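A closer look at the structure
Chain residues, written in single-letter form:
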Amino acid sequence: MPPAMDINKLRNIGIIAHIDAGKTTTTERVLFYAGESHKMGEVDDGTTITDFDPQEQEKGITIRAAAITFQWKPKEMWINLIDTPGHVDFTAEVERSLRVLDGGVVIFSGMEGVEAQSETVWHQADHYRVPRICFINKLDRIGADFFRVHDEVVERLGAKTIPLQLPIGKEKDFIGVIDLITRQAYYFEPGELGKKMTKEPIPEEMVDEAELWREKMLETIAEADDELAELYLEGEELSEERIRAGVRTATIEHRMTPVLCGSSLKFIGVQPLLDAIADYLPSPLEVPPVEGDDPKTEKKLLRHPKDEEPFCALLFKIQADQHDELGFLRIYSGTLKPSTRVLNATRNRKENITRLWRIRADERQKVDLAHAGDIVGVVGLKDSITGDTLTDQRSPVILEHIVFPDTVISMSIEPESSGDRQKLEHILALMEKEDPTFRARTSEETGETLISGMGELHLEVVVERIRRDFKVNLRTGKPRVSYRETVRGTARAKGTCDRQTAAGAMFGEVEVELSPLPRVAKEDETLETFRFVDQSRSENVPPELLAVVAEELKEECLSGGLAGYPLTGIQATLLSVGYREGESNEQAYRFATAAAVRQALSDAGVDILEPIMKVEVSTPEDYVGDITADFASRRVMIHELGQRGPLRIVVAHAPLREMFGYSTTLRSHSQGRATYSMEPLTYEPVPDELAKQMY
């Protein structure tokens, strides 16, 4: 945001959708019409501004959320735009973007409609209370249907919609849009790449239909605006400005969602979408102030988007390369200058912001001052990770952390050259810092390096990046499922360390109780991994030794269960701590705690949990039988058989271990005509016969 910019004229928005709905193409058109680019790039050619990574250009998909700042001059509006990935393997990019955005544009394909990832990103936006606009895209495609997709948005997503436009024509005859507020038809000159937009009267054959939908629009707005409702019922002619004000209020208050339409590829409908972003999505001043905790008193504190308030920002993304680490900050209050010392309130560590940048995809522009409400890039952070809060040193506050899902798939890797082993360790640590859904560890049993992520594509991208960007050649193993363990029942156990050493007597005694936490599906809330409860009332034990017991208890519970898989969903209750003056020390308590946990695990019994995926297959009718029969052989539970336009939709819950290589099988069963998507749903116990093979 430029220094003289009014914060009311700022929009922080994201473009979110299922893969291939047209997010990046829409972003490319937006930047061209805003004058930010002078040549329109294409996804298929690998020439778009926001998909600048070589892997994105080769695969034709967005892998990293890309940020760019530009001005929409017709509305005198500055926009911080984030183009997010649509593939479920990169859902963390969407999660952390939505956490800091004030508004969103959700794009739906006019042909495929509401797809699996469409539902996921919609519910993520619901979770963060992000007001949004719907844009039904690709209406030039065969099988595209604006009204069908609109009804799917209402029925499947539970949205209360306000259609503000109607399409003119259908499929290959789609040529423009009708604006229901202005009662005009908009056409876009293809010879000028849609840059020239003409306004004409509504086609005569569509006047009655447009008036019918306009009445529906006004009735819907009136439900959320008492003043407008009174004017409407009295039969007064409502001005365009009053109607837009009603839509804006209803959108920002989460009562309604405006719906627009077009075809970004064919240059139709993008400029009105930009106007809608300015007209209906909120400025930072129009969303609730951010809430956090005082790190000392744990009292709730508010930070308002005002320059005069203490500095407070959320680090929502780190982008690392061989040279430096670029941190992305959403500034919620105060201002920030280069060469400023700030506090990482989450970790109670000081950080030095050396430089500030305005981000333009892979380009950077120096900034001398960043204001409340803005999104900027920073260089100089050393100890901070995604989700940390940076604040003024004198006024610390900790904002709600971003919670990411557990990894579901692993793979072993090793450098071809032993001399690259240390370099690889450094690279993996860097990538863990950058990507909250990526993990790297060394197996205690085999000594091999294991990387874990959200899916096969996720790990493929990681391996390819290590080879290409960091010049380390790798040998890789086959993908494997990331299992978890949890306790089956509740058990108490006591661990004791009572021994004589050359240095003297050692004594520690710890009693713990392990019990399971309730497991819940991902779409309801995030699975809680570990909860610690202290009921020991051990007044005579020094606080520093009690802290050692708590730390060791957590480490033991999260390190691995009886079968060696990470433990999850466990409550560990510390019941008592035995102490002897002069004999109890840190090492004794670590031994005693570990013994107590191992015994409690054995007594309680454990379940091995496997990741269950939500699978959605779109297929012509002819292949439904073969697909469902194949599912039956894979321990897959079919939950829904539906219809979406000409295609049948099969929704199922499947163990991940049964889905490796499924794309090849699906191509075989459908002659290449069916497609599928898959996303993590929950963890469930593996069947007993499989569990016996895993110990």
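If you look the protein up in an unreviewed UniProt entry, it shows as Elongation factor G from Kolteria novifilia. The record in UniProt for the protein states the following under Sequence similarities (unreviewed entry): "Belongs to the TRAFAC class translation factor GTPase superfamily. Classic translation factor GTPase family. EF-G/EF-2 subfamily." Quoted straight from UniProt, the Subcellular location (unreviewed entry) entry for the protein says "Cytoplasm".

1. So, the domain arrangement of the protein
Under the domain assignment used here, the protein contains domain 1 (7-280), domain 2 (290-399), domain 3 (409-481), domain 4 (486-604) and domain 5 (609-692). Put simply, the middle of domain 1 and the middle of domain 5, counted by C-alpha atoms, are 32 Å apart. Tallying the contact residues gives twelve residues for domain 1 and eight residues for domain 5. Between domain 1 and domain 5 lies a buried interface of about 730 Å² when both sides are counted; carbon and sulfur atoms form 45% of it. Counting every contact that joins domain 1 to domain 5 gives two salt bridges.

2. Overview of the packing of helix H6 (residues 207-224) against helix H8 (residues 240-252)
Relative to each other, H6 and H8 sit at 55 degrees, their axes nearing to 9 Å. The angle between H6 and H8 falls in the class oblique. Viewed along their axes, H6 and H8 form a crossing whose handedness is left-handed. The segment H6 lies against H8, with Arg214, Met217, Leu218, Ile221 and Ala224 engaging Ile243, Gly246, Val247 and Ala250. Grouping the constituent residues of the contact of H6 with H8 by class yields seven nonpolar, one polar and one charged.

3. A few points about the sheet that holds strand S12 (residues 290-293)
Reading across the sheet, the three strands line up as S13-S12-S22 and stay open at both edges, with antiparallel pairing between neighbours. Of all the strands in the sheet, just strand S13 (300-303) and strand S22 (398-399) have a single pairing partner and so form its edges. Here S12 pairs with S22 via two bridges, running antiparallel. The residue bridging Gly292 from the neighbouring strand is Leu399, located in S22.

4. Quick look at the packing of H8 against helix H9 (residues 270-280)
The geometry of H8 relative to H9 is characterised by a closest axis approach of 9 Å and an angle of 70 degrees between their N-to-C directions. It follows from the interaxial angle that H8 and H9 lie roughly perpendicular. Touching Arg244, Val247, Arg248, Thr251 and Ile252 of H8 are Ala278, Asp279 and Tyr280, all from H9. Of the residues that constitute the contact of H8 with H9, the class distribution is four nonpolar, one polar and three charged.

5. Points about the state of the cysteines
A disulfide bridge is the covalent bond that connects two cysteines by way of their sulfur atoms. Enumeration over the complete set of coordinates arrives at zero disulfides. Cys261 carries a free sulfur, and the closest cysteine sulfur to it, the one in Cys134, is 12 Å from it. Among the residues examined, Cys261 registers a relative accessible area of 0% and is labelled buried. Free cysteine Cys557: the closest other cysteine sulfur is in Cys497, separated by 19 Å. Overall, Cys557 belongs to the buried group, its relative accessible area being 2%.

6. A word on helix H12 (residues 543-559)
Look at H12: 24 Å from first C-alpha to last across 17 residues, which is about the 24 Å you get at 1.5 Å a residue. Next to the buried residues of H12 lie strand S30 (504-516), strand S31 (530-534), strand S32 (570-578) and helix H13 (586-604).

7. Re the sheet that holds strand S9 (residues 184-188)
Within a beta sheet, neighbouring strands are joined by backbone hydrogen bonds and run either parallel or antiparallel to one another. Judged by pairing direction, the sheet is antiparallel, and its four strands sit side by side in the order S7-S8-S9-S10 without closing on themselves. Where the open sheet ends on each side, the last strands, each with one partner, are strand S7 (165-168) and strand S10 (197-200). Across this sheet, the average inter-strand angle for adjacent strands is 30 degrees, counted without regard to direction. As defined by bridge partners, S9 adjoins S10 across four bridges and the pair is classed as antiparallel. Among the inter-strand pairings, Phe188 is bridged to a residue of S10, identified as Met197.

8. Digging into the UniProt feature "coiled-coil region" (unreviewed entry) in the protein
Following the UniProt record, the feature "coiled-coil region" (unreviewed entry) maps to residues 214-241 here. Taken end to end, residues 214-241 has its terminal C-alpha atoms 15 Å apart, with 75% of it in helix and 0% in strand.

9. Quick notes on the pairing of S13
The pairing of S12 with S13 spans four bridges and is antiparallel. Residue pairing in the sheet places Asp293 in a bridge with Lys300 of S13.

10. Side note on the pattern of salt bridges
According to the stated counting rule, one finds 45 salt bridges in the structure shown. Two residues, Arg330 and Asp102, come together in a salt bridge whose shortest N-O distance is 3.1 Å. Of this pair, Arg330 sits in strand S15 (residues 325-333) while Asp102 sits in the loop between helix H3 (91-100) and strand S4 (103-109), and the two are 228 residues apart along the sequence. Overall, the relative accessible area of 4% leaves Asp102 in the buried class. The shortest N-O distance in the salt bridge between Arg156 and Glu616 comes to 3.6 Å.

11. Side note on the nonpolar core
Phe70, Ile79, Phe108 and Met217 are the most contacted members of the largest nonpolar core, which totals 101 residues. Two domains each provide a minimum of three residues to this core, namely domain 1 (7-280) and domain 2 (290-399). Not counting residues within four places of it along the chain, the set of residues in contact with Met217 comprises Ile162, Pro163, Leu164, Leu180, Ile181 and Ile243. Core analysis: the next-biggest nonpolar cluster, separate from the first, contains 43 residues, Ile466, Phe470, Met659 and Ala691 among them.

12. Quick notes on the side chain of Lys433
Tracing the sequence through the fold places Lys433 in helix H10 (residues 421-434). Here Lys433 falls in the buried class, since its relative accessible area comes to 17%. At 2.8 Å, the side chain of Lys433 and the backbone oxygen of Lys382 are in polar contact. If sequence neighbours within four positions are ignored, Lys433 has contacts with Ile318, Glu325, Lys382, Asp383, Ser384, Ile385 and Thr386.

Calculation criteria
- Residues numbered from 1 in each chain as written.
- Predicted model: local features only at pLDDT ≥ 70, side-chain atom pairs only at ≥ 80, totals over all residues.
- Heavy atoms only, no water.
- UniProt positions renumbered as here; feature names shortened; annotations may be inferred.
- Domains from an automatic or database assignment.
- Contact = heavy atoms within 4.5 Å.
- Buried area = accessible area lost by both parts, 1.4 Å probe.
- Salt bridge = Lys/Arg side-chain N within 4 Å of Asp/Glu carboxyl O.
- Axes fitted to C-alpha atoms, helices over the stretch in contact; angles between N-to-C directions.
- Helix = DSSP H or I, 4+ residues; strand = E, 2+ residues; numbered from the N terminus.
- Parallel < 35°, antiparallel > 145°, perpendicular 65-115°, else oblique.
- Left-handed = near helix turned anticlockwise from the far one by under 90°.
- Nonpolar A, V, L, I, M, F, W, Y, C, P; charged D, E, K, R; others polar.
- Pairing = 2+ DSSP bridges.
- Disulfide = S-S within 2.5 Å.
- Buried < 20%, exposed > 50% of the residue type's maximum accessible area, 1.4 Å probe, protein only.
- Expected span 1.5 Å × (residues − 1).
- Core = buried A, V, L, I, M, F, W, Y, C linked by side-chain atoms within 4.5 Å.
- Polar contact = N/O pair within 3.5 Å; in protein donor to acceptor, adjacent residues only side chain to side chain.

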